[in-house]
Amino acid sequence: MLQLPTMPDRGGPAQPLLIVKDLKKHFPLKGGLFGAGGKVQAVDGIDFEIRKGETLGIVGESGCGKSTASRLIMSLIEPTDGEIIFDGEKVGTSALPLKEYRRQVQMVFQDSYASLNPRLPIEESIAFGPMVHGLNRSRAIPRAHDLLTAVGLAPAQFAHRYPHELSGGQRQRVNIARALALRPRMLILDEPVSALDKSVEAQVLNMLQDLKAQFELTYLFISHDLNVVQHVADRVLVMYLGRVAEVGPVDSIFDAPRHPYTQALLASRPSMDPDQRRTEPPITGDPPNPVNPPSGCRFRTRCKIAEDVCASATPPLAEVAPMHQAACHANVTASGHSLAPREAA
Amino acid sequence: MSTASTTSPDISGASASGPKKQQGYWAGVGSRVRRDKITLICGGILLVMFLLIVFAPWIAPYDPLQGSMARRLKPVGWQGHLLGTDELGRDMLTRLMYGGRYSWFVGITPVTIAFAIGGSLGILAGFVGGKVNMLIMRATDVFYAFPSVLLAVAISGALGPGIFNAILSMTLVFIPPLIRVSESVTTSVRNLDYVESARATGASAFTIVRVHVLPNVMGPIFVYATTLISVSMILASGLSFLGLGVKPPTPEWGMMLNTLRTAIYSQPLLATLPGICIFVTSLCFNLLSDGLRGAMDVRN
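The rules behind each value
Residues numbered from 1 in each chain as written. Chains lettered and ligands numbered in written order. Predicted model: local features only at pLDDT ≥ 70, side-chain atom pairs only at ≥ 80, totals over all residues. Helix = DSSP H or I, 4+ residues; strand = E, 2+ residues; numbered from the N terminus. Buried ≥ 20, exposed ≤ 12 C-beta atoms within 10 Å, placed from the backbone. Contact = placed C-beta atoms within 7 Å. Pairing = 2+ DSSP bridges. Axes fitted to C-alpha atoms, helices over the stretch in contact; angles between N-to-C directions. Domains from an automatic or database assignment. Nonpolar A, V, L, I, M, F, W, Y, C, P; charged D, E, K, R; others polar. Parallel < 35°, antiparallel > 145°, perpendicular 65-115°, else oblique. Left-handed = near helix turned anticlockwise from the far one by under 90°.

Asker: Sorry, what's going on with the overall build of chain B here?
Answerer: When its secondary structure is counted, chain B shows 12 helices and zero strands. Counting only C-alpha atoms and orienting by the principal axes, one finds that chain B spans roughly 75 × 50 × 30 Å. Expressed as a percentage of the 300 residues in chain B, the buried residues total 41%. Contacts in chain B between residues far apart in sequence, at least 24 positions, make up 68% of those at least 6 positions apart.

This is how it looks when you write it as structure tokens:
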């Protein structure tokens, strides 16, 4: 315990590292004299699992609940409903107390500057977590130096520097080192490269791939950049307005998206071919207000193939290809949608 | 700041492998202060004043209470009275030196106590948020319903005259603004990602406040508190004027300002001398604290 080793695998390779069941987070709105303000349904019942050693990419527009979902998984905010199961154990029970869980799951934030204490030299920032977990200074500091080496920053040159003395890419490396300091088994990467230049972005992404192998990590990679997700993820989960729209293997999603929202997202990527240049936006308007989301399918207000059934019933996540699920009535047998597969006679 | 002070010895011990030897935290603060002339000058002025005040009984040229009707309101530099004499013929320099003892005491003490109490409550309100925040901040608002001078007079009057009751009432008056300031800085810091990531490591609230919140909020609160020192000196003089603080003939800058105000047309320079003392003291405290805050900020 004093050395803070990696936690042992409990459930074997077949046990998903993380299972999220019907996770919900509704933020109450303040307002109205009698508190009748309604609530923001930031995350409204998402289910997914992350297998050991994989990278699950989460994509979606701003405000679709990606960051809320990551903070829920980190237990930084209390869920309204639902549960999180880590390696077969429910989080927050005696078998897996919160503090133990926090050693196993760490997070890298988007804003590399805001996520480092400006008053601490970076070695102190990295050593903070291990010291919280009982490692003494004389061990935590050399460990911080090892981690700096692992993320490609020479400790002799960087360990005593303050965050403002580093570039954005260097700071994000420090943040990754800080997240790794507790030897977690899973990293939540919340838009880790969105604020970096393209060249630095590629370096950091490649480093993340190397670290994943070196430290036997599992990644939850949140991004709005589809190209980045396609590059790093094994499986992709598409979120829309607090719900899962589609989830499946990266190739299957990118080659044959089945949800109209995913199709529109993929179509929104700029084409490399000038002759294929798009003039029409594939999707128009803003997402609806999550305080008062549309009934039934939440995407129906912007969907090209929306029909009456989409307003009346919430589409279930249905299997559309091996391992690939989509929440669209057009894919559900006998849903009442005109494009739905016919019932087998 | 506690973390920073532990930093310096360990840097050289744990990892002196770097080619460029890094200077410790306090050495860095020292070198930044040395480069800042204004801070140095203000610190020097305050030090001189402090020494004059502390050693007044030994170095003051006259008795602060013994006057002479024959020497009333003599101008600056008159016959051995370096700064002239007051309306009762007492030596001004002597009285300013003695008066500084009370003025500094009633200026600094309430602010220090209010800084400790108001700062703690504000940081608590800002960091915990929610119902605790609402309770503390709404209670603070109640104090804001009264003008601060009126409040100090009311509390002091209820407690009865005396210097300690005056200090107590001023402390109560200074707590609400310090709560406000510290609450707002803390609220802005607590939602930053580094506090979130510290929570994600499983650190206790106390550790997070000590390592991540305090060093980042102390500067603004500290500087604001020093601006209150001058207010405190003036307020103390007001209380003295009403007979709720220091009693005549005890010298105190604020009260001297009051008693000399009748001489403003005959001896304007003389009448403003205690005011100049208050002004210089508060300005120097303010600039000094601002300079120190800047020097303690590693980003400079």
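Asker: Explanation requested: the sheet that holds strand 4 (residues 81-86) of chain A in the structure shown.
Answerer: Strand pairing in a sheet takes place through backbone hydrogen bonds and is either antiparallel or parallel in direction. Residue and element names in this part refer to chain A. Within the open sheet, the four strands sit side by side as 2-1-4-5. Their pairing is antiparallel. Either end of the sheet is taken by a strand with one partner, and the two such strands are strand 2 (39-50) and strand 5 (89-90). For strand 1 (residues 18-28) and strand 2, the ladder comprises nine bridges, and the chain directions are antiparallel. Paired with His26 across the bridge in strand 2 is Gln41. Contacts from helix 1 (residues 66-73) reach strand 1, strand 2 and strand 4 within the one sheet, and its direction differs from that of strand 2 by about 65°.

Asker: It is not clear to me how the domain arrangement of chain A should be interpreted in this structure. Could you clarify?
Answerer: Size of an interface: often given as the accessible area lost when the parts come together. Residue and element names in this part refer to chain A. By the assigned domains, chain A splits into domain 1 (18-233) and domain 2 (240-331). Averaged C-alpha coordinates put domain 1 and domain 2 at centres separated by 27 Å. Taken together, the contact pairs 21 residues of domain 1 with 15 residues of domain 2. Listing elements by their share of the side of domain 1 that touches domain 2, those giving two or more residues are strand 2 and helix 8 (226-232). With 10 residues, the top contributor of residues to the side of domain 1 that touches domain 2 is strand 2.

Asker: I would appreciate a short explanation of unusual backbone geometry in the present structure.
Answerer: Negative phi characterises most residues that are not glycine, and trans characterises most peptide bonds. Residues and elements named next belong to chain A. The phi angle at Ser75 is positive, at roughly 60°, despite the residue not being glycine. Take Ser75: it is sitting in the loop between helix 1 and strand 4. Unusually for a residue other than glycine, Met323 sits at a positive phi of about 65°. Tracing the chain through its elements places Met323 in the loop between strand 11 (318-321) and strand 12 (324-326).

Asker: Teacher, can you tell me more about the environment of His324 of chain A here?
Answerer: Note on placement: His324 of chain A falls in strand 12. Excluding anything up to four places from it in sequence, His324 of chain A contacts Gly248, Pro249 and Ser252 of chain A.

Asker: Got a minute to help me understand the interface of chain A and chain B in this structure?
Answerer: At the interface, 37 residues of chain A touch 29 residues of chain B. Elements with a contribution of two residues or more to the side of chain A that touches chain B: helix 2 (98-104), strand 6 (105-108), helix 3 (122-132), helix 4 (137-150) and helix 5 (155-158) of chain A. Per-element tally for the side of chain A that touches chain B: the top contributor is helix 4 of chain A, with five residues. Of the residues that constitute the side of chain A that touches chain B, the class distribution is 19 nonpolar, 10 polar and eight charged.

Asker: Sorry, what's going on with helix 3 of chain A here?
Answerer: Residue and element names in this part refer to chain A. Within helix 3, 11 of the 11 residues are buried, which leaves it mostly tucked inside the rest of the structure. Along helix 3, the positions that sit buried rather than exposed are Ile122, Glu123, Glu124, Ser125, Ile126, Ala127, Phe128, Gly129, Pro130, Met131 and Val132. Of the residues trailing helix 3, Gly134 is marked for its positive phi of about 95°.

Asker: Help me understand the environment of Arg10 of chain A, please; the structure alone is not making it clear to me.
Answerer: Assignment of secondary structure puts Arg10 of chain A in the segment before strand 1. A C-alpha to C-alpha distance of 23 Å links Arg10 of chain A and Leu23 of chain A, two positions 13 residues apart in sequence.

Asker: What is the right way to look at the sheet that holds strand 6 of chain A in this model?
Answerer: Residues and elements named next belong to chain A. Taken in spatial order, the eight strands line up as 6-7-8-3-9-10-12-11 in an open sheet, and their pairing is mixed. The sheet is open, and its two borders are formed by strand 6 and strand 11, each paired with just one other strand. Taking the axes of each pair of neighbouring strands and ignoring which way they run, one obtains an average angle of 25° across the sheet. Both strand 10 (residues 243-249) and strand 12 contribute to a ladder of two bridges, which runs antiparallel. Bridge pairing in strand 12 links Val247 to Gln325.

Asker: It is not clear to me how the packing of helix 11 (residues 253-260) of chain B against helix 12 (residues 268-296) of chain B should be interpreted in this structure. Could you clarify?
Answerer: Relative orientation and spacing of two packed helices are given, respectively, by the angle between their axes and the distance between those axes. All names here are of chain B. Their axes nearest at 8 Å, the elements helix 11 and helix 12 cross at an angle of 155°. With respect to their mutual orientation, helix 11 and helix 12 come out roughly antiparallel. When the axes of helix 11 and helix 12 are compared, the crossing they make is left-handed. Judged by residue contacts, Trp253, Met256, Leu257 and Leu260 of helix 11 engage Leu270, Ala271, Pro274, Gly275, Cys277 and Ile278 from helix 12. Split by residue class, the contact of helix 11 with helix 12 holds nine nonpolar, one polar and no charged.

Asker: What's the story with the pairing of strand 11 of chain A in this structure? I'm lost.
Answerer: Residues and elements named next belong to chain A. Two elements, strand 11 and strand 12, share three bridges in a ladder whose sense is antiparallel. Within the sheet, the bridge partner assigned to Ala321 lies in strand 12 and is His324. Connecting the antiparallel pair strand 11 and strand 12 is a turn made up of two residues, with Met323 showing a positive phi of about 65°.

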